[in-house]
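Residue strings, one per chain:
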Amino acid sequence: MKLVVIGGDAGGMSAASQARKRLGPDRLEIVAFERGHFTSYSACGIPYWIGGAVKDRDALVARSPEAHRKSGIDVRMRHEVVAIDLDRREVIAHDLAAGGEVREGFDHLMYATGAVPITPGWAQIPAGGIFGVQTLDDGDAIHSWLDSDPKPRRAVVIGGGYIGVEMAEAMVNRGLEVTLLEKAPEPMRATVDPDMGARVREAISGLGIKIRTNAHVEGLEHKDGRVTGVVTPDGTLPADIVVLGLGVQPNTKLAADSGIPLGVTGGLRVDLRMRVTGPDGPIEGLWAAGDCVQTKHLVSGQPVHVPLGTHANKQGRVAGINIGGGYATFPGVIGTAVTKVCALEVARTGLTEKEAKLAGYAFVSATVESTSRAGYYPGASSMAIKLIAEKRTGLLLGAQIVGREEAAKRIDSLAIAVWNKMTVEEMTALDLSYAPPFSPVWDPVLIAARKATDAVHAAG
Ligand SMILES: Cc1cc2nc3c(=O)[nH]c(=O)nc-3n(C[C@H](O)[C@H](O)[C@H](O)COP(=O)(O)OP(=O)(O)OC[C@H]3O[C@@H](n4cnc5c(N)ncnc54)[C@H](O)[C@@H]3O)c2cc1C
């Protein structure tokens, strides 16, 4: 039997490694194609390498091509798969380094091509210094540009989502003048509600990042092959580097061109075992995982595209176990995510108000201000927690946190509550830990649950 993997990062190589654990090279041949220079890397670590917190790029590589080869996985670097022939059960790949074409037959095909940064037409100009961020090769290109001559001094980050915000912090930490442009009234609109986004905006402004919300970009200027400015209705912002943080979309063109059906989000539809499905059910021997797939939101019930490493790794593992003859499932997601900009931490789980409304829920919200430690204990800092609960039942639909000092990791207890369909009233009795260095005697999660319970009762 032969497994061919397209994409050598989280989704693809988790699947390859799990399949290899279950079936030795005598029973399963594995060939993995990766068009870039790295395998099994942490794209999540790119902002921290660029910002200098992580010194060594190779620290972001969890498993090199050589390490995979030692496990009996035939990794073909700098090979881009350009076509899939489902009838003949083979892929065609271009060797980007040496040139030429290779064909590889398969019994199982693991599709794990990730996502691609959204790049509007105005950003597609013939100039250096304009970057989307998805792969470690993208991170490498940004790092090299920042070291290029003349050394970039002014950065404009377009898009105030979590990748934009993390990249803005990275640039500030490298000593650049940074402007962050966001077209919505508040940053992080896909992550948190505007009232929580306002807290992020206020905090960002104090970190040396100039943030402009309600901002529109009309184009980019360039000279001598380098980007020089970002054109807005309020004038042109000088820029030596432009980072696009406008979101990503599933990298599924190759699949679509090969006749594989896509879901409503543009991602591949998969079943619980990560088998790609079409109108007639799973397609024999075709698997997918990671940023290229569509999954199910377990609170809204809707199909969603949630491109996160945490899902890519789990989904790849599930696919690999199944390819190797075992049984594993990936049930879906509840939208848990966490990030930081300098000392400010932002986290969410479940649905935001906008998402709850779209799903058709009637709900109440409650926001509390509390502290990370007992108020009298040195180092206590403020945090805001917002809970969203269904009006009639009090079911916890979602939660958001903005704060400091590991405030954001409290989202995990809230995620467990959402996952287990707890009501906010049930949560008021949760046996959470307390000692002055760790929380006030009433943990902020418990205070928020009490306030949300009051709101549910008041709403009748
Ligand atoms: C800056 C940044 C910060 C992030 N932070 C977090 C975080 O804190 N937490 C979190 O959970 N997630 C985070 N993520 C998201 C996370 O990195 C991705 O969800 C994860 O990498 C997806 O893994 P994947 O294997 O699906 O796709 P990718 O990592 O994109 O890997 C796909 C691979 O396929 C290769 N490929 C594509 N097409 C082809 C082809 N035709 N032939 C051969 N090879 C191909 C690509 O070169 C790429 O290496 C972050 C992402 C970025 C960019």
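Computed from a predicted model, the values in this text were never measured in an experiment.

Caption draft 1: Seen up close, the overall build of the chain. Summing up its helical and strand segments, the chain has 12 helices and 26 strands in all. The C-alpha radius of gyration computed for the chain amounts to 23 Å, which stays within 12% of the reference 23 Å derived for 460 residues, consistent with globular compactness. Projected onto the principal axes, the alpha-carbon positions of the chain cover approximately 65 × 55 × 40 Å. Residue burial in the chain is summarised as follows: out of 460 residues, 53% are buried. Once local pairs closer than 6 in sequence are excluded, the contacts in the chain between residues at least 24 apart make up 64%. For the chain, the exposed area adds up to about 19800 Å²; of that, 52% sits on carbon and sulfur atoms. Averaging the positions of the 49 positive and the 52 negative side-chain charges in the chain gives two centres separated by 2 Å.

Caption draft 2: Up close: the packing of helix α1 (residues 10-22) against helix α8 (residues 309-323). The interhelical angle for the contact between α1 and α8, taken along N-to-C directions, is 35°, at an axis separation of 7 Å. In terms of crossing hand, the pair formed by α1 and α8 is right-handed. Contacts between α1 and α8 involve A10, G11, S14, A15, Q18, A19 and R22 from the former and A312, N313, G316, R317, A319, G320, I321 and I323 from the latter. Of the residues in the contact of α1 with α8, the class split is 7 nonpolar, 6 polar and 2 charged.

Caption draft 3: Structural context of unusual backbone geometry. Across the junction of D149 and P150, the peptide omega takes the value 0°, indicating a cis bond. Here P150 is to be found in the loop between α4 (136-146) and β10 (154-158). Located in the positive-phi region is M188, a residue other than glycine, with phi close to 55°. Relative to the helices and strands, M188 resides in the loop between β11 (177-181) and α6 (194-205). A residue is classified by how much of its surface remains accessible, and M188, at 1% relative accessible area, is buried.

Caption draft 4: Geometry of empty space enclosed by the protein. Applying the stated criterion across every chain yields a total of 1 cavity of 30 Å³ or more. Considered as a void within the structure, the largest cavity measures approximately 40 Å³ in volume. Looking at the largest cavity, the residues that line it are G290, D291, V293, T295, V306, P307, L308, H311, A312 and Q315. By residue number, the principal contributor to the lining of the largest cavity is α8, which donates 3 residues. Across the lining of the largest cavity, the residue classes break down as 5 nonpolar, 4 polar and 1 charged.

Conventions used here
- Along every chain, residues carry numbers that run from 1 in the direction the sequence is written.
- The predicted nature of this model means local features are confined to residues of pLDDT at least 70 and side-chain atom pairs, given and counted, to a pLDDT of 80 or more, with totals for whole chains, interfaces and linings taken over all residues.
- Note that the side-chain values use all heavy atoms of the structure and ignore hydrogens as well as water.
- Helix and strand assignments come from DSSP, with helices taken as H or I runs of at least 4 residues and strands as E runs of at least 2, each series counted from the N terminus.
- Our radius of gyration looks at C-alpha atoms and nothing else; its globule reference is 2.2 Å times the residue count to the power 0.38.
- Here the term buried applies to any residue with accessible area under 20% of the maximum for its type, exposed to any over 50%, and partly exposed to those in between, with areas from a 1.4 Å probe on protein chains only.
- By definition in these notes, contact holds between two residues if any of their heavy atoms fall within 4.5 Å.
- Only the protein chains shown count as cover for residues, with accessible areas throughout obtained via the Shrake-Rupley method and a probe of 1.4 Å.
- We treat Lys and Arg as the positive residues and Asp and Glu as the negative residues; His and chain ends play no part in the count.
- In this description, the location of a charge corresponds to atom NZ of lysine, CZ of arginine, CG of aspartate or CD of glutamate.
- All axes here are fitted lines through C-alpha atoms, helices being fitted over the stretch that makes contact, and every angle between N-to-C directions spans 0 to 180 degrees.
- Note: crossing handedness is left-handed where the near helix turns anticlockwise from the far helix by less than a right angle, and right-handed where it turns clockwise.
- Each residue is assigned to one class: nonpolar for Ala, Val, Leu, Ile, Met, Phe, Trp, Tyr, Cys and Pro, charged for Asp, Glu, Lys and Arg, and polar for all the others, Gly among them.
- Buried and open spaces are told apart on a 1 Å grid over the protein atoms alone, a cavity being a set of points where a 1.4 Å probe fits but cannot get out and a pocket being an open set with protein on both sides within 12 Å along at least five of seven lines. Residues with an atom within 4 Å of a point are the lining residues.
- Grid points are joined across faces, edges and corners, and a volume is the space filled by probe spheres set on the points.

None of this, on its own, says anything about what the molecule does.
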